[in-house]
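Residue strings, one per chain:
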Amino acid sequence: MKQVSLDWFRITILLLGSFAVLFILAPIIGLFLSSNFPELKSALIDTEVTDSIYTTIFSAFLATLCSIIFVIPAAYFISRNTFPLKKLIISLFDLPVVIPHTAAGIAILGIVSRNTAVGKFADAVGINFVGTHFGIALAMAFVSIPFLFNATLTGFDSVPKKFELAASNLGASPLRVFFTISLPLAWRAIIGGIVLMFARGMSEFGAVIIIAYHPMTTPVLIFERFTSYGLAYSRPVAIIFIAISLLTFFLLRMIKRK
């Protein structure tokens, strides 16, 4: 009887899990099956599509690269120190997850538009955030930083402090301890955060469209073609972008494993 009950339990778990997998795969498979090669070929040689793909990948890369410079030190400091409002600071990094992304775009625009102090300073040094790759990268960074921060913080938290203390007692400087012990031991978690941040940045739509409708990222282009011409015209672009996103995610995952 116990064996029968156990089998039914496993079958139930398997069925419920299968529904979750199908919920993700079914729309994607249906999208690929609903298109044809001539449509995809036409979209692939469309300069508007290729330009949007370049804009998306470049902006996501720029957002991720710039965030790494600031987020990794911040996560390390928070992980290795105790100070008032520490939990509040950690919670602040999760705010972009719960803020509607169009509202996030409005908030960012309110800081970097040309008539603000930040906008005027950026304009003085030759940087414009509205309608540029910099603005797109800024919007992508805002909504995807939580993925990098949380993964990095978890990575540093998992590094035993006794290793760092031992190195310090042997005369290693804090900088050397960071680069030879803390960072290498937390690197796998950090790479995971980088992968997730980059992938999340590529898919961002709501905040990006507020900051920069042009140059178009691929998500914005898909929306523009859908609202202007309908499903048939936007579907090939969606298929191409999903394929590129999956390939990019797969390659980055392979790098993380190695």
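The coordinates are above.
So, here is what we can say about the structure in this document. Being a predicted model, the structure only gives us computed values, none of them experimental.

### Description of the overall build of the chain
A count of helices and strands for the chain gives 13 helices and 0 strands. For the chain, the α and β elements follow one another from N to C terminus as α-α-α-α-α-α-α-α-α-α-α-α-α. Considering only C-alpha atoms, the chain reaches an extent of 75 × 65 × 30 Å along its principal axes. Looking at the chain as a whole, 36% of its 258 residues are labelled buried. The contacts in the chain between residues at least 6 apart in sequence include a share of 75% that link residues at least 24 apart.

### Some details on the pattern of salt bridges
Taken as a whole and judged by the stated rule, the model has 4 salt bridges. A salt bridge links glutamate 48 to arginine 225; the shortest N-O distance between them is 2.9 Å. Of this pair, glutamate 48 sits in helix 3 (residues 47-80) while arginine 225 sits in helix 12 (residues 218-229), and the two are 177 residues apart along the sequence. Given a relative accessible area of 4%, arginine 225 falls into the buried group. Arginine 80 is paired through a salt bridge with glutamate 164; the nearest N and O atoms lie 2.7 Å apart. A residue pair is termed long-range when its members are at least 10 positions apart, and arginine 80 in helix 3 and glutamate 164 in helix 9 (residues 161-169) qualify at 84 residues.

Analysis parameters
Residues numbered from 1 in each chain as written. Predicted model: local features only at pLDDT ≥ 70, side-chain atom pairs only at ≥ 80, totals over all residues. Heavy atoms only, no water. Helix = DSSP H or I, 4+ residues; strand = E, 2+ residues; numbered from the N terminus. Buried < 20%, exposed > 50% of the residue type's maximum accessible area, 1.4 Å probe, protein only. Contact = heavy atoms within 4.5 Å. Salt bridge = Lys/Arg side-chain N within 4 Å of Asp/Glu carboxyl O.

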